[in-house]
Amino acid sequence: MIKLSHIVKTYDSPAGPVHALKDISLEVARGEIFGIIGLSGAGKSTLIRCINMLERPTSGTVEVDGRDLTAMNNRELRAVRKKIGMIFQHFNLLSSATVYDNVAFPLRLAGTAEDTIRTKVTDLLGLVGLADKAHQYPSQLSGGQKQRVGIARALASDPSVLLCDEATSALDPQTTKAILRLIADINKKLGLTVVVITHEMQVIKDICDKVAVIDKGVIAEQGTVFDIFTEP
Ligand code: ADP
Ligand code: ADP
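Please read these numbers as outputs of a predicted model, since none were measured by experiment.

A. Structural detail: the site of ligand 1. What surrounds ligand 1 is the set Tyr11, Val18, Ala20, Leu39, Ser40, Gly41, Ala42, Gly43, Lys44, Ser45 and Thr46. Within the backbone of Ser45, an N or O atom sits 2.7 Å from an oxygen atom of ligand 1. Within the contact set of ligand 1, an oxygen atom lies 2.6 Å away from a side-chain nitrogen or oxygen of Thr46. Burial of ligand 1 by the protein chains amounts to 60% of its free accessible area of 560 Å². Broken down by secondary-structure element, the contributors of at least two residues to the shell around ligand 1 are β2 (18-28) and α1 (44-51). Here the shell around ligand 1 gets three residues from one element, more than from any other, and that element is α1. For the shell around ligand 1, the class distribution of residues is five nonpolar, five polar and one charged.

This is the structure:
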């Protein structure tokens, strides 16, 4: 489903080149929940942003569903990105828009008809447990509720992949559990392939099938959660 081959990402900075990723290769199977764990600065954010090409790798290839994203022009990329939803640590909601309008946003950008949008947004708000919050604004919601809006928005264009960038790091432990349960439910119900980046071991243990441990831009270990976290 997702295949990263020999990904290198070097940032230019005034202090000289920053080697954020040094030859990363990994494969995520369809329907899997794949975790990427590492310390701050390890390269997790850069890596997940390479999967949807928010960040262009310096070299290497990114294949999603058998198509090489690194070979695509911007128009082709825009089409493919609709199939890759993403949620963020700080939710990235539009503060002046209601919950409904936040979820409708990607559909409006795509030129979807308003009656189709209404059905879709209503379904999605039901799925994430926010049916009664459609007309509230983000500032009226708890952190967990904001992330539920983020999830609904990410699902609006029927993606086959969901990328989660430290999606629970701003939440308390109890809310984290609930959001992880929701992500795992969505993975099962919709058959979505999920990639989760986190610095929290518990997140990986709770929902991931496979895990890659990333350290200073390289994969230190990779395998099933059972293999990596069970002491011999
Ligand atoms: P993580 O998500 O694991 O905290 P990042 O991918 O954010 O790691 O960062 C990896 C390394 O790349 C760090 O040294 C970080 O400072 C550097 N980095 C990230 N983004 C940029 C950028 N836009 N320009 C320069 N350096 C960057
Ligand atoms: P988070 O840890 O919440 O994911 P960061 O604070 O690491 O976010 O990064 C926020 C933004 O700044 C990202 O777009 C990242 O690429 C960029 N960034 C991170 N480190 C650097 C850096 N050393 N130089 C320039 N930009 C950076």
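B. Layout of the site of ligand 2. In the vicinity of ligand 2, the residues found are Ser45, Arg49 and Gln89. Gln89 has a polar side-chain atom sitting 3.2 Å from an oxygen atom of ligand 2. In the complex, 23% of the free accessible area of ligand 2, which totals 560 Å², lies under the protein chains.

C. Structural view of the environment of Lys83. Structurally, the position occupied by Lys83 is in the loop between α2 (74-81) and β6 (84-88). Its relative accessible area of 39% is what places Lys83 among the partly exposed residues. Along the chain, Lys83 and Asp115 lie 32 residues apart, while their C-alpha atoms are 22 Å from each other. With residues near it in sequence (within four places) discarded, Lys83 still touches Ser157, Asp158, Pro159, Ser160 and Val161. Reaching out from Lys83, the side chain makes a polar contact with the backbone oxygen of Asp158 at a distance of 3.2 Å.

D. Up close: the environment of Ile7. The residue Ile7 is located in strand β1 (residues 2-11) in this model. Separated by 222 residues in sequence, Ile7 and Phe229 place their C-alpha atoms 26 Å apart. Excluding residues within four positions of it along the chain, Ile7 makes contact with Leu21, Lys22, Asp23, Ile24, Cys50, Pro57, Ser59, Gly60, Thr61 and Val62.

E. View of the side chain of Asp165. Inspection of the secondary structure assignment puts Asp165 in strand β7 (residues 161-165). For the buried Asp165, no salt bridge is present, and the opposite-charge side chain at shortest range is Arg49, 5.6 Å distant. When near neighbours in sequence (up to four residues on either side) are disregarded, Asp165 contacts Ser45, Ile48, Met86, Ile87, Phe88, Gln89 and Ile197.

F. Spotlight on the pattern of salt bridges. On inspection of all chains with the given rule, the structure shows nine salt bridges. Ionic pairing is found between Asp158 and Lys120, a salt bridge with its closest N-O pair at 2.6 Å. Taken together, the residues span a long stretch of sequence, with Asp158 in the loop between α5 (143-155) and β7 and Lys120 in helix α4 (residues 114-127) at a distance of 38 residues. What makes Asp158 partly exposed here is its relative accessible area of 46%. For Lys120, a relative accessible area of 23% gives the class partly exposed. Where salt bridges share partners, they join Lys9, Arg49 and Glu55 into one cluster.

G. Inspection of the sheet that holds strand β9 (residues 210-215) at higher detail. Read from one edge to the other, the open sheet built from six strands follows the order β6-β7-β8-β3-β9-β10, with strand pairing classed as mixed. Every other strand in the sheet has two partners, leaving β6 and β10 (218-224) as the edge strands with one partner each. Ignoring which end each strand starts from, the neighbouring axes of this sheet average 15° apart. Of the strand pairs in this sheet, strand β3 (residues 33-37) and β9 are connected by four bridges, and their pairing is parallel. Following the sheet pairing, Gly35 is matched in β9 by Val211. Contacting β3, β6, β7, β8 (193-198) and β9, α1 crosses the sheet at an angle of about 160° to β8. Across the sheet, α5 lies against β6 and β7, angled at about 165° from β6, the strand it touches most.

What counts, and at which threshold
Residues numbered from 1 in each chain as written. Chains lettered and ligands numbered in written order. Predicted model: local features only at pLDDT ≥ 70, side-chain atom pairs only at ≥ 80, totals over all residues. Heavy atoms only, no water. Near = heavy atom within 4 Å. Polar contact = N/O pair within 3.5 Å; in protein donor to acceptor, adjacent residues only side chain to side chain. Areas by Shrake-Rupley, 256 points an atom, 1.4 Å probe, with all protein chains shown as cover. Helix = DSSP H or I, 4+ residues; strand = E, 2+ residues; numbered from the N terminus. Nonpolar A, V, L, I, M, F, W, Y, C, P; charged D, E, K, R; others polar. Buried < 20%, exposed > 50% of the residue type's maximum accessible area, 1.4 Å probe, protein only. Contact = heavy atoms within 4.5 Å. Lys, Arg positive; Asp, Glu negative; His and termini not counted. Salt bridge = Lys/Arg side-chain N within 4 Å of Asp/Glu carboxyl O. Pairing = 2+ DSSP bridges. Axes fitted to C-alpha atoms, helices over the stretch in contact; angles between N-to-C directions.

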